[in-house]
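# Residue-level structure breakdown
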Amino acid sequence: DGPGGGGGQLFAFKATFDAVSSKQELLQLVNISPLGLKEPAEKDTYNGVQRDIDDLFEEGAIFKVTNPDGKTSVLFPRFKGHEVAVDDDIRKLWDDSRHKGRVDPDDIDKELLKAGLQPARQAKAERKVLGKRKGPGTGKRRKSKKHNNLGHLVLPSGR
């Protein structure tokens with residue numbers, strides 16, 4: 001027994017990304033994560049990781065998408081060979097057509113119908129009333145069966 005009475009066991013914090021300790025290793029981790037990597041906090045990697053993330057973003061080595069809540073971000077690899085040049089008139093058209101804030105899905109459906117297109121999302125199916133429902137307690141009662149609730153038991157591991 002040690003002085004703390006812990007039986008000689010030592011406990012230590014293990015970072016989520018303990019193999020990442022530099023800006024270059026962080027870039028390699030992002031590059032092998034094509035579906036994105038949740039932005040690691042300093043407690044999950046190494047001191048100064050936030051500065052390195054900001055540097056990689058400013059250098060154009062990665063994309064950083066921040067969720068609307070502003071709390072979490074996702075890092076994506078930026079492969080310059082996969083990028084496509086977009087004309088300025090297309091960019092202007094995109095900027096002019098952007099809606100500020102959220103768009104009501106019903107408004108989109110109306111616009112699609114005006115244009116002669118069928119909206120993809122289905123309207124809620126209306127319930128058909130087949131008959132008058134009887135009040136509670138008028139139907140047959142089911143016999144309740146007792147079930148053994150053994151979810152709290154821990155079975156031996158078989159060692």
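Presented here is an overview of the structure given in this document. Everything numeric here is computed off the predicted structure, so don't read it as measured data. (Residues numbered from 1 in each chain as written. Predicted model: local features only at pLDDT ≥ 70, side-chain atom pairs only at ≥ 80, totals over all residues. Heavy atoms only, no water.)

### Considerations on the overall build of the protein
When you go through the protein residue by residue, the secondary structure sums to four helices and three strands. The contacts of the protein with a sequence gap of at least 6 include a subset with a gap of at least 24, amounting to 45%. Counting only carbon and sulfur atoms, one obtains 53% of the accessible surface of the protein, whose full area is about 15000 Å². (Helix = DSSP H or I, 4+ residues; strand = E, 2+ residues; numbered from the N terminus. Contact = heavy atoms within 4.5 Å. Areas by Shrake-Rupley, 256 points an atom, 1.4 Å probe, with all protein chains shown as cover.)

### Overview of the nonpolar core
Counting residues in each nonpolar core, the largest one holds 13 residues, and the members touching the most others are L26, I53, L56 and I62. Where this core is concerned, the elements lending two or more residues are α1 (23-31) and α2 (49-59). Element by element, the count of residues in this core is highest for α1, at four residues. Beyond its immediate sequence surroundings of up to four residues, I62 is in contact with L27, V30, I53, L56, F57, L75, F76 and R78. (Core = buried A, V, L, I, M, F, W, Y, C linked by side-chain atoms within 4.5 Å. Buried < 20%, exposed > 50% of the residue type's maximum accessible area, 1.4 Å probe, protein only.)

### Considerations on α2
Along α2, the residues that are buried comprise V49, D52, I53 and L56. What you see down the axis of α2 is that its buried residues fit within an arc of 100°, all on one side. Exposed residues lying more than 90 degrees from the buried face of α2 are R51 and E58. Looking at the buried residues of α2, the elements they touch are α1, β2 (62-66) and β3 (73-77). Downstream of α2 by a residue or two, G60 has a phi angle that is positive, lying close to 85°. (Arc of directions from axis to C-beta.)

### Looking at the sheet that holds β3
Read across the open sheet, the three strands follow the order β1-β3-β2; overall the sheet is antiparallel. Of all the strands in the sheet, the pair left with one neighbour each is β1 (37-38) and β2. Across the sheet, α1 is in contact with β1, β2 and β3; its angle to β3 comes to roughly 85°. (Pairing = 2+ DSSP bridges. Axes fitted to C-alpha atoms, helices over the stretch in contact; angles between N-to-C directions.)

### A closer look at the pairing of β2
One ladder, built from five bridges, connects β2 with β3; its direction is antiparallel. The partner of V65 across the bridge, within β3, is V74. A loop of six residues connects β2 with β3, the two strands running antiparallel in sequence, and G70 in this loop sits at a positive phi of about 80°.

### Some remarks on the pattern of salt bridges
The final tally for this structure, using the stated rule, is five salt bridges. Here K23 makes a salt bridge to E59, at a shortest N to O gap of 2.7 Å. You can see K23 sitting in helix α1 and its partner E59 sitting in helix α2, a full 36 residues away along the chain. In this structure, a network of salt bridges that share partners links the residues E39, D54 and K64. (Salt bridge = Lys/Arg side-chain N within 4 Å of Asp/Glu carboxyl O.)

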